[in-house]
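Working through the structure, step by step
Listed below are the residues making up each chain.
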Amino acid sequence: MNIWLLLGIVLMVFIVIFQIAKASEYVNVLKGEKKSREQSNRINAFMMLCFLVVGLAGAYICNKHLYPKTLFAQGSASKEGEMIDTMFMVTTAITGFVFLLTQIALFWFSFKYQEKEGRKAFYIPHNNKLEVIWTVIPAIALTVLVVIGLRHWFKITGDPPANAMVVEITGKQFGWIFRYPGKDGELGKKHYTLIKEAEGNTLGQDWADTKNNDDVMPTTLYLVKDKPVKLVIGSRDVIHDVGLPHFRLKMDAVPGIPTTLWFTPKWTTKEMKEQTKNPDFQYELVCDQLCGSSHYAMRGVIEVVTQEEFDAVMAKQKPNYYTVFPDKDPANAKPAGAAADSAEAATAKIVAGTAGGNKTKI
Ligand SMILES: [Cu+2]
């Protein structure tokens, strides 16, 4: 629609409302102040009741239609997320009950006790018993909710089960870097001073630590169904946040301070495609912290697979070590002598150049 036409309509509506208000003002003057106040009181009281009914009906209809579109309807995709869902529902039930009670009382009382001839307001300046009741009950309820929340928090940020796998996630402006420990099961040391984008060392892996040699860095976050995964989270620049809405978890990615979180995926991506009847379904990793101009584009893809599929994917991954030192890659094997010499020389050069820096251990 033409913008001028729209502005014209809005202006006309305002003028009509203004004229009606003016006209009713003149009518009130003619009727007398008392009568007009009684009339507007009645209208306001009736509007209060309408607002209550329309508001409650609106909330019910919105919930009925929109709930299936939320991630709640899909259920938590992690076992630990079930605790979060339960906690959320209990909190919503308690606060929802109080909300309904207070709102119904507020609007119903406004209607029922509107101004009437001979009615006098009951004046309560202070009541200790009431004050104690509405302070102590919410305090106890909130304490119980917070304690339950803390228990869950300590669980998911504490030690994972013994069979857990480890994945490192590093946020950067604007994307995610995933690192898996490789066959040795341990992540190599890294330090931000060793970051050299041009050489392919995006994390600052310390090549003096041979545990780095088999670490792989796929562009998708692969997880295994029913296998706990511990995420070791960090950031290369500003504060990001690893948001896992399907798994009901999130954790800040802070530069210099590794944070951890563990959970157990329940369904593979394939199973979710069937459950949601959406062939394009993908688990998402989103940044939950406003971190700069392209924050919205920090979308990572998570793929939950079976152990066999995971092993097959990992077997195909090339360690980053071979990207930085192609001469060391068995796939590029050349007649002995020259290749080995040049690769060793390159390693020695980089190690010598970085040996002075302080290294941190994950
Ligand atoms: Cu971010």
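The preceding data block contains the structure.
The present account deals with the structure reproduced in this document. All figures in this text were calculated on a predicted structure; none of them were measured in a lab.

**Focus on the overall build of the protein chain**
Counting secondary structure elements, the protein chain contains 8 helices and 9 strands. In terms of overall dimensions, the protein chain is more spread out than a globule: its C-alpha atoms have a radius of gyration of 31 Å, far above the 21 Å expected for 362 residues. Seen along its three principal axes, the alpha-carbon backbone of the protein chain occupies a region of about 110 × 60 × 45 Å. The burial tally for the protein chain puts 30% of its 362 residues in the buried class. If you take every contact in the protein chain between residues at least 6 apart in sequence, the share linking residues at least 24 apart comes to 69%. A total accessible area of about 23100 Å² is found for the protein chain, and carbon and sulfur atoms account for 65% of it. Distance between charge centroids for the protein chain: 9 Å, based on 41 positive and 36 negative side chains.

**Remarks on the coordination of the copper ion**
Ideal values differ by geometry: the angle at a metal is 109.5 degrees with four tetrahedral donors, but 90 or 180 degrees with six octahedral donors. Those donors, H240 (ND1), C287 (SG), C291 (SG) and M298 (SD), are the protein atoms that reach the copper ion, and they lie 2.1 to 2.5 Å from it. With 4 donor atoms in place around the copper ion and angles of 93 to 125° between them, the coordination shape is tetrahedral. The sequence pattern describing where the donors of the copper ion fall on their chain is H-x46-C-x3-C-x6-M. M298 shares its class with C291; the two are buried.

**Let's talk about the packing of aromatic side chains**
Within the structure shown, the criterion is met by 12 aromatic pairs. Plain terms: the ring middles of W108 and F111 are 5.7 Å apart, the flat faces sit at 35° to each other, and that makes the pair tilted. In this pair, W108 and F111 both sit in helix α3 (residues 79–112), 3 residues apart, roughly one turn of the helix. With relative accessibility at 38%, the residue W108 sits in the partly exposed group. Here F111 falls in the partly exposed class, since its relative accessible area comes to 25%. Here the aromatic cluster, defined as three or more aromatic residues joined through ring pairs, consists of W207, Y321, Y322 and F325. Here the basic side chain of R248 rests over the ring of F72, its NZ or CZ set 5.3 Å away from the ring centre.

**Here's the deal with the nonpolar core**
Within the largest apolar cluster, 39 residues are counted, with the highest numbers of intra-cluster contacts made by Y180, L231, L244, F247, Y283 and I302. Ranked by residue count, the leading element in this core is strand β3 (residues 221–224), at 4 residues. Apart from the residues within four sequence positions on either side, Y180 is in contact with M165, V167, L187, D215, V216, P218, T220, L221, Y222, F310 and M314.

**Observations regarding the pattern of salt bridges**
Tallying each qualifying case throughout the model produces 13 salt bridges. For R37, the salt bridge is made with E115, and the minimal N-O distance between the two is 2.8 Å. Taken together, the residues R37 in helix α2 (residues 33–66) and E115 in the loop between α3 and α4 (128–157) connect sequence positions 78 residues apart. With its nearest N and O atoms 3.6 Å apart, the salt bridge here joins E186 to K211.

**Looking at a nonpolar patch on the surface**
Among the surface-exposed residues, L56, F99, L100, I104, W108, F109 and Y113 lie close enough to one another that they form a single nonpolar patch of about 690 Å² accessible area. Broken down by element, the nonpolar patch gets its largest block of residues, 5 residues, from α3. Residue placement: L100 occurs in helix α3. Given the relative accessible area of 40%, L100 is considered partly exposed.

About the thresholds
Residues numbered from 1 in each chain as written. Predicted model: local features only at pLDDT ≥ 70, side-chain atom pairs only at ≥ 80, totals over all residues. Heavy atoms only, no water. Helix = DSSP H or I, 4+ residues; strand = E, 2+ residues; numbered from the N terminus. Rg over C-alpha atoms; globule rule 2.2 N^0.38 Å. Buried < 20%, exposed > 50% of the residue type's maximum accessible area, 1.4 Å probe, protein only. Contact = heavy atoms within 4.5 Å. Areas by Shrake-Rupley, 256 points an atom, 1.4 Å probe, with all protein chains shown as cover. Lys, Arg positive; Asp, Glu negative; His and termini not counted. Charge placed at Lys NZ, Arg CZ, Asp CG, Glu CD. Donors = N, O, S within 2.8 Å, 3.2 Å for Na, K, Ca; no water. Tetrahedral: all angles 85-135°; square planar, octahedral: opposite > 155°, others 65-115°. Phe/Tyr/Trp six-rings, centres within 6.5 Å; stacked < 30°, edge-to-face > 60°. Lys NZ or Arg CZ within 6 Å of the ring centre and 35° of its normal. Core = buried A, V, L, I, M, F, W, Y, C linked by side-chain atoms within 4.5 Å. Salt bridge = Lys/Arg side-chain N within 4 Å of Asp/Glu carboxyl O. Patch = residues over 30% accessible without salt bridge, like charges linked within 9 Å, V, L, I, M, F, W, Y side chains within 5 Å.

Interpretation note: all reported values are geometric properties and have no functional meaning in isolation.
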